[in-house]
Amino acid sequence: MEIVESVRAMQAAARKWRAQGRRIGFVPTMGNLHEGHLALVRLAKQRADVVVTSIFVNPTQFGPNEDFAAYPRTFEADRALCEREGVDVVFHPSVAEMYPAGASVAVTENALSRTLCGAARPGHFDGVCTIVAKLFNVVQPHVAVFGEKDAQQLRVIRRMVRDLRFPVEIVAGPTVREADGLALSSRNQYLTPAQRPQAVCLRRALDEAERLFAAGERDPKNLVRAMRAIVTAQPDARIDYMEIVDDETLQPLGGPIGRPALAALAVWVGKPRLIDNTVLVP
Ligand code: AMP
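Since the model is a prediction, treat every value here as computed from it, not as a measurement.

Criteria and thresholds
Per chain, residues are indexed from 1 in the order of the written sequence. Local features are withheld for residues below a pLDDT of 70 in this predicted model, meaning they are given only at 70 or higher, and side-chain atom pairs are given and counted only at 80 or more; totals for whole chains, interfaces and linings count all residues. Note: side-chain values were computed over all heavy atoms of the structure, leaving out hydrogens and water. Secondary structure elements follow DSSP: runs of H or I no shorter than four residues count as helices, runs of E no shorter than two count as strands, and numbering proceeds from the N terminus. Using C-alpha atoms as the atom set, the radius of gyration is obtained and then compared with a globule rule of 2.2 Å times the number of residues to the power 0.38. Here's how the labels work: a residue is buried when its accessible area is under 20% of the maximum for its type, exposed when over 50%, partly exposed in between, all with a 1.4 Å probe on protein chains only. Any two residues whose heavy atoms approach within 4.5 Å at even a single point are treated as in contact. Exposure was quantified through the Shrake-Rupley algorithm and a 1.4 Å probe, taking into account, for residues, occlusion by the shown protein chains and nothing else. Residue ranges assigned to each domain were obtained from an automatic or database domain assignment. Reported buried area values correspond to the accessible surface (1.4 Å probe) lost by two parts on association, with both partners' losses combined. For salt bridges, the criterion is a side-chain nitrogen of Lys or Arg within 4 Å of an Asp or Glu carboxyl oxygen. N or O atoms closer than or at 3.5 Å make up a polar contact, with two conditions inside protein: a donor-capable atom paired with an acceptor-capable one, and, for residues adjacent in sequence, both atoms drawn from side chains. All amino acids are sorted into three groups, where Ala, Val, Leu, Ile, Met, Phe, Trp, Tyr, Cys and Pro are nonpolar, Asp, Glu, Lys and Arg are charged, and the leftover types, Gly among them, are polar. Neighbouring residues are identified by heavy atoms, a residue being near a molecule or strand if any of them is within 4 Å of it. Strands pair, by our definition, only if DSSP identifies at least two bridges between them. The convention used is that axes are lines fitted to C-alpha atoms, helices contributing only their stretch in contact, and that angles between N-to-C directions extend from 0 to 180 degrees.

Right, let's talk about the overall build of the protein chain for a bit. Helix and strand content of the protein chain: nine helices and nine strands. For a compact globule of 282 residues, the expected C-alpha radius of gyration is about 19 Å, and the protein chain comes in at 19 Å, within 12% of that figure. C-alpha extents for the protein chain along the principal axes are approximately 55 × 40 × 40 Å. The proportion of buried residues among the 282 residues of the protein chain is 51%. Nonlocal contacts in the protein chain, meaning residues at least 24 apart in sequence, comprise 71% of its contacts between residues at least 6 apart. Here the protein chain displays about 13000 Å² of accessible surface, and carbon together with sulfur accounts for 51% of that area.

Moving on: the domain arrangement of the protein chain. By domain assignment, the protein chain separates into domain 1 (2-173) and domain 2 (186-277). Computed from C-alpha coordinates alone, the two centres of domain 1 and domain 2 are separated by 26 Å. In this assembly, 23 residues from domain 1 lie in contact with 19 residues from domain 2. On the domain 1 side of the contact with domain 2, Leu116, Lys149 and Arg155 bury the most area, a combined 33% of that side's loss. Linking domain 1 with domain 2 are two salt bridges. For Asp247, the salt bridge is made with Arg155, and the minimal N-O distance between the two is 2.8 Å. Taken together, the links from domain 1 to domain 2 amount to ten residue pairs in polar contact (both at pLDDT 80 or more). Taken together, the elements giving at least two residues each to the side of domain 1 that touches domain 2 come down to α5 (116-120) and α7 (151-163). Broken down by element, the side of domain 1 that touches domain 2 gets its largest block of residues, four residues, from α7. Looking at the side of domain 1 that touches domain 2 residue by residue, the class counts come to ten nonpolar, six polar and seven charged.

Moving on, we come to the side chain of Thr130. Of note, Thr130 is situated in helix α6 (residues 124-139). You can call Thr130 buried: its relative accessible area is 7%. Polar contacts involving the side chain of Thr130 include one to the main-chain carbonyl oxygen of Asp126, which spans 2.7 Å. Ignoring sequence-local partners within four residues, the contact set of Thr130 consists of Tyr99, Val105, Ala106 and Val107.

Turning to the side chain of Gln61, a few remarks are in order. By the secondary structure assignment, Gln61 is in the loop between β3 (50-55) and α3 (75-85). Classification of Gln61 as buried rests on a relative accessible area of 10%. Once you skip the residues sitting within four places of it in the chain, Gln61 turns out to touch Met30, Glu66, Arg121, His124, Gly127, Val128 and Ile131.

Near the ligand lie 17 residues; those nearest to it are Met30, Gly147, Asp150, Val176 and Leu184. The separation between an oxygen atom of the ligand and a polar side-chain atom of Asp150 is 2.6 Å. Between a nitrogen atom of the ligand and a main-chain N or O atom of Leu184, the distance comes to 2.9 Å. When isolated, the ligand has an accessible area of 480 Å², and the protein chains bury 92% of it. Of all the secondary structure elements, the ones that give two or more residues to the shell around the ligand are β2 (24-29), α2 (35-47) and β5 (143-147).

Spatial ordering of the open sheet is given by β7-β8-β9, a layout of three strands whose pairing is antiparallel. The two strands at the open ends of the sheet, each matched to only one other strand, are β7 (237-246) and β9 (273-280). Taking the axes of each pair of neighbouring strands and ignoring which way they run, one obtains an average angle of 15° across the sheet. Bridge count for strand β8 (residues 261-269) against β9 is eight bridges, and the pairing is antiparallel. Each residue of the ladder has a partner; that of Val267, found in β9, is Leu274. Along the sheet, helix α8 (residues 201-214) makes contact with β7, β8 and β9, crossing β9 at roughly 15°. Across the sheet, helix α9 (residues 220-232) touches β7, β8 and β9, and the angle it forms with β7 is around 160°.

Pairing in this open sheet of six strands is parallel, and the strands run β1-β4-β3-β2-β5-β6 from one edge to the other. Pairing within the sheet leaves two strands with one partner each, and these edge strands are β1 (2-4) and β6 (169-173). Strand-to-strand twist of the sheet, defined as the mean angle between neighbouring strand axes without regard to direction, takes the value 25°. Pairing between β2 and β3: six bridges, direction parallel. When the bridges of β3 are listed, Pro28 appears paired with Ser54. Sheet strands in contact with α3 are β1, β3 and β4 (89-91), and its direction is about 165° off that of β3.

Take a look at the structure:
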């Protein structure tokens, strides 16, 4: 396995593979890898001949009061995990390599980014789009894998690929969870032992929405009310948002659920802000 730090060397490797007719699979990450990321690597390996994982904590997707500086950076452990999974190249650039001095061009998404996490984190998805566009130009993948855990991110990336005509196939990987249902996240490590069992309330709330939906409940207000009761029963949980939106537009529903809807929530459990979601298909 190779560690590549420069854009020039990464583009040269991509050019070589493409000349050899090899399919390039790509898994972008911010590092601090866990089973969720590794499951995406395995999906990429199934769909490509060579796999690149990027490890880059992208400054432009963090707000001024968010945890960019404190985001866990564990490169040596990440490298060992990638090696074990059979990753071919870890692309690990510096900030200056991805954002050359004076960089003044960025990608903006103007519809899907307005709600859910985008409403709470202005500029976040523009930062995500900008770095993913750059990474696509550097890694030149045929296929890129993103986690369903970040449902809005997945939809924004698909929209960017469609609108900017990127020749990249986007594959979604199912959310990997702890035994009790908590979605794996680099932020789970900040839960205290008392908060950890409370954090399962996100998944429990989604379970309840799924149960009621399966039993015929179609009113998003009733579903959200039931979800809210589960989360607010936890002493350390504070809801950022909890919504059921149209799965395609991510806009709030005007009435009963008649087409696929995304139930999504973001909850602070003590210090970390955790997210989860499920799709309700009538
Ligand atoms: P991150 O490094 O947290 O920005 O995530 C990198 C990629 O891993 C994104 O596509 C995430 O959606 C995905 N991911 C993060 N957590 C999980 C999980 N628990 N299960 C599946 N994919 C995940």
